[in-house]
Amino acid sequence: MDMRRSTPCSRCRQRFMAKSVTKGADVECPSCKPNYLPIPADEQYSSSQQQRYGLRSRMRCFYSQVRGKVHQSTVTPSLNPDPSAFNSMKRSSKRAVLCGITYNNLKQYRLKGTINDVRNMRDLLINNFGYPGHFIRVLTEEEADPRLIPTRKNIEDSLRWLVSDSRQGDSLVFFYSGHGLRQPDFDNDEDDGFDETICPVDFQEAGMIVDNDLNTLIVRPLTPGVTLHAIVDACHSGTILDLPKVYMSKEKKWVNSSPPSGAEKRTNGGLAISISACLDHQAAADTSAFTAGKMNGAMTYILAEILKKLRGPTYGDLFDLINETLDNVNQSSCLANTRFLRRLFNSNFSQVIYYTLNPFLV
């Protein structure tokens, strides 16, 4: 009889069903356990082959197999079915830019759930909101087209494409899943003295994209009848678009966030709505609490699941449901066990969804 019991993973501490093991032994869950390739044994060769091939030859053969498997695993289907449509004369009233960055070449910054977030958001826009797939520009490190790698230049070019030639009735979406940081504000347009930023894959060379830049790129150009939803699943993302009104979802109240300097941050008559994973001073979480062995941004996953199951919720209902779900997950300690949070906190975690908007809605 196959005896299994709930066991905590020795790496991520997530519980999973495992066969009975010796008490105190390290056990890894399927998502943490590496996939080993066995070195070819002598039994795999005939006697004449064994004489011809020594250990060194077998090792060369083995490494060749490894390289082949690694190469195969890195070739993934593009999430951009027709990149040429981005530069065509055709247009759609529904357009989106989705950016997910794993920072694969920066081991200390690597993220695991961002590509899943992008796929989840793309499926949501196509299947639930009728966005045409060839007008959803996806930027990830998995794309073969160099124009679709999430560098600073490509992100900024994509955002210009998103808002260009906008007309009344257009519905635009900017989604970002990746690292967010803060840096000192020298323009006196932040109450807390810090600008919020997102981090392109080349941020160490090209620099970060600050909230002032995002406001200039995709908020200020919005004309009457154009609506932008920005969904940012990153740390320190509360006021990432520098919009003048903030809805505190926990306290259920509006807060004025106009810049002390008096700088103009509003749209040109359109509507901008930003949904952020946390407050400016908080960290966001990626977790496998919702899908065993698969990492997702907590806010992105919950948001998508709610919108898939509920048709037309109000913004207030949406944020109440997101925060209620996060509270329930926090109480069950699922988020506190994630790789990201264990590294940062070793303590209680609180993630609050932040909702900011342009005052033309009020």
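Numbering of residues starts from 1 in each chain and follows the order in which that chain's sequence is written. Totals for whole chains, interfaces and linings use every residue, but because this is a predicted model, local features are given only for residues with pLDDT of at least 70 and side-chain atom pairs only at 80 or more, for both listing and counting. To obtain the side-chain values, all non-hydrogen atoms of the structure were included, while hydrogens and water were left out.

Undergrad: Could you clarify how one ought to interpret the layout of surface pockets in this entry?
TA: Picture a little ball the size of a water molecule; that probe, rolled over the atoms, points out where space is still empty. Roughly 470 Å³ of internal volume is contained in the second largest pocket. Lining the second largest pocket are 20 residues; nearest its centre among them are Phe129, His229, Leu307, Tyr315 and Leu318. Under the scheme used here, helices are H or I runs from DSSP no shorter than 4 residues and strands are E runs no shorter than 2 residues, and both carry numbers assigned from the N terminus. Those elements that place two or more of their residues in the lining of the second largest pocket are α3 (114-129), β5 (171-177), β9 (227-233), α7 (298-309) and α8 (315-331). Take the lining of the second largest pocket: its biggest share by element is five residues, from α3. Only Asp, Glu, Lys and Arg are considered charged in this grouping, and only Ala, Val, Leu, Ile, Met, Phe, Trp, Tyr, Cys and Pro are considered nonpolar; every other residue, Gly among them, is considered polar. Here the lining of the second largest pocket is composed, by residue class, of 14 nonpolar, four polar and two charged. Site definitions follow a grid-based scheme: protein atoms alone, a 1 Å grid, a 1.4 Å probe that fits but cannot get out for cavities, and for pockets an open set with protein on both sides within 12 Å along at least five of seven lines, plus lining residues having an atom within 4 Å of a point. Grid points are joined across faces, edges and corners, and a volume is the space filled by probe spheres set on the points.

Undergrad: Would you explain the packing of aromatic side chains in this entry?
TA: Each aromatic ring pair is specified by the distance between its two centres and by the angle formed by the two planes. Two aromatic rings, drawn from Phe, Tyr or Trp (for Trp, its six-membered ring), form a pair once their centres lie within 6.5 Å of each other, and the interplanar angle then sorts them: stacked below 30 degrees, edge-to-face above 60, tilted otherwise. Applying the stated criterion across every chain, the model contains three aromatic pairs. Ring centres 6.2 Å apart and planes at 85° place the aromatic pair Tyr103 and Phe203 in the edge-to-face group. Note that Tyr103 is positioned in the loop between β3 (94-100) and α3 and Phe203 in helix α5 (residues 203-206), a separation of 100 residues in sequence. We note that Tyr103, like Phe203, is buried. For a Lys NZ or an Arg CZ to count as sitting over a ring, it must be within 6 Å of the ring centre and within 35 degrees of the ring normal. For Arg137, the ring lying beneath its charged end belongs to Trp161, and the centroid distance is 4.7 Å. In this scheme, a residue with accessible area under 20% of its type's maximum is buried, one over 50% is exposed, and one in between is partly exposed, where area comes from a 1.4 Å probe on protein chains only.

Undergrad: How do you make sense of the packing of α3 against α7 when you look at a structure like this?
TA: Any two packed helices are characterised by the angle at which their axes cross and by the distance between the axes. Helix axes use the C-alpha atoms of the stretch in contact, all axes being lines fitted to C-alpha atoms, and the angles between their N-to-C directions lie in the range 0 to 180 degrees. Put simply, α3 and α7 touch, their axes get as near as 10 Å, and they point 15° apart. Here α3 lies roughly parallel to α7, going by the angle between them. Every pair of crossing elements has a handedness; the one defined by α3 and α7 is left-handed. Residue-level inspection shows Asp117, Asn120, Met121, Leu124, Asn128 and Phe129 of α3 in contact with α7, the latter providing Thr300, Tyr301, Leu303, Ala304, Leu307 and Lys308. Residue composition of the contact of α3 with α7, grouped by class: seven nonpolar, three polar and two charged. Angular relationships are summarised with four words: roughly parallel below 35 degrees, roughly antiparallel beyond 145, roughly perpendicular across 65 to 115, and oblique for the angles in between. In this scheme, a crossing is called left-handed if the near helix is turned counterclockwise away from the far one by less than a right angle; it is called right-handed if the turn is clockwise. Contacts are assigned to residue pairs that have any heavy atoms within 4.5 Å of one another.

Undergrad: Is there a simple way to think about the nonpolar core in this case?
TA: One recurring pattern in soluble globular proteins: nonpolar side chains tend to sit buried together. Residues grouped as a nonpolar core are buried Ala, Val, Leu, Ile, Met, Phe, Trp, Tyr and Cys residues, joined through side-chain atoms within 4.5 Å. Core analysis: the biggest nonpolar cluster contains 35 residues, and Leu159, Leu162, Phe174, Tyr176, Ile218 and Leu241 have the highest contact counts within it. Within the residue set of this core, elements represented by two or more residues are β3, α4 (152-163), β5, α6 (211-219) and β9. Looking at this core, the element that brings in the most residues is α4, giving five residues. Apart from the residues within four sequence positions on either side, Leu162 is in contact with Arg95, Ala96, Val97, Leu172, Val173, Phe174 and Leu228. Membership of the second largest hydrophobic core comes to 29 residues, among which are Ala277, Leu318, Phe319 and Leu326.

Undergrad: How should I be thinking about the packing of α4 against α6 in this particular structure?
TA: Running from N to C, α4 and α6 cross one another at 35°; their axes reach a closest spacing of 8 Å. The residues of α6 that touch α4, namely those facing Arg152, Glu156, Leu159, Arg160 and Val163, are Asp213, Leu214, Leu217 and Ile218.

Undergrad: Explanation requested: α7 in the structure shown.
TA: Since the α-helix packs 3.6 residues into each turn, any two residues three or four apart lie on the same face. The span expected for a helix works out to 1.5 Å for each residue beyond the first. Under the 1.5 Å per step criterion, the end-to-end length of α7 is 17 Å for 12 residues, consistent within 8% with the ideal 16 Å. For α7, a buried count of nine out of 12 residues is recorded, marking the element as mostly surrounded by other parts of the structure. Inspection of α7 places Ala298, Met299, Thr300, Tyr301, Ile302, Leu303, Ala304, Ile306 and Leu307 among the buried residues, and these make up the whole buried set.

Undergrad: What is the right way to look at the confidence of the model for the protein in this model?
TA: For the protein, per-residue confidence averages 77 on the pLDDT scale, and 69% of positions sit at 70 or higher. pLDDT gives the predictor's per-residue confidence on a scale running from 0 to 100. Contacts from residues 69-74, a stretch scored under 50 in pLDDT, to residues over four places away or in other chains number one contact. Low pLDDT, under 50, characterises residues 336-355; the stretch is placed with 80 contacts to residues that sit more than four places away or in other chains.

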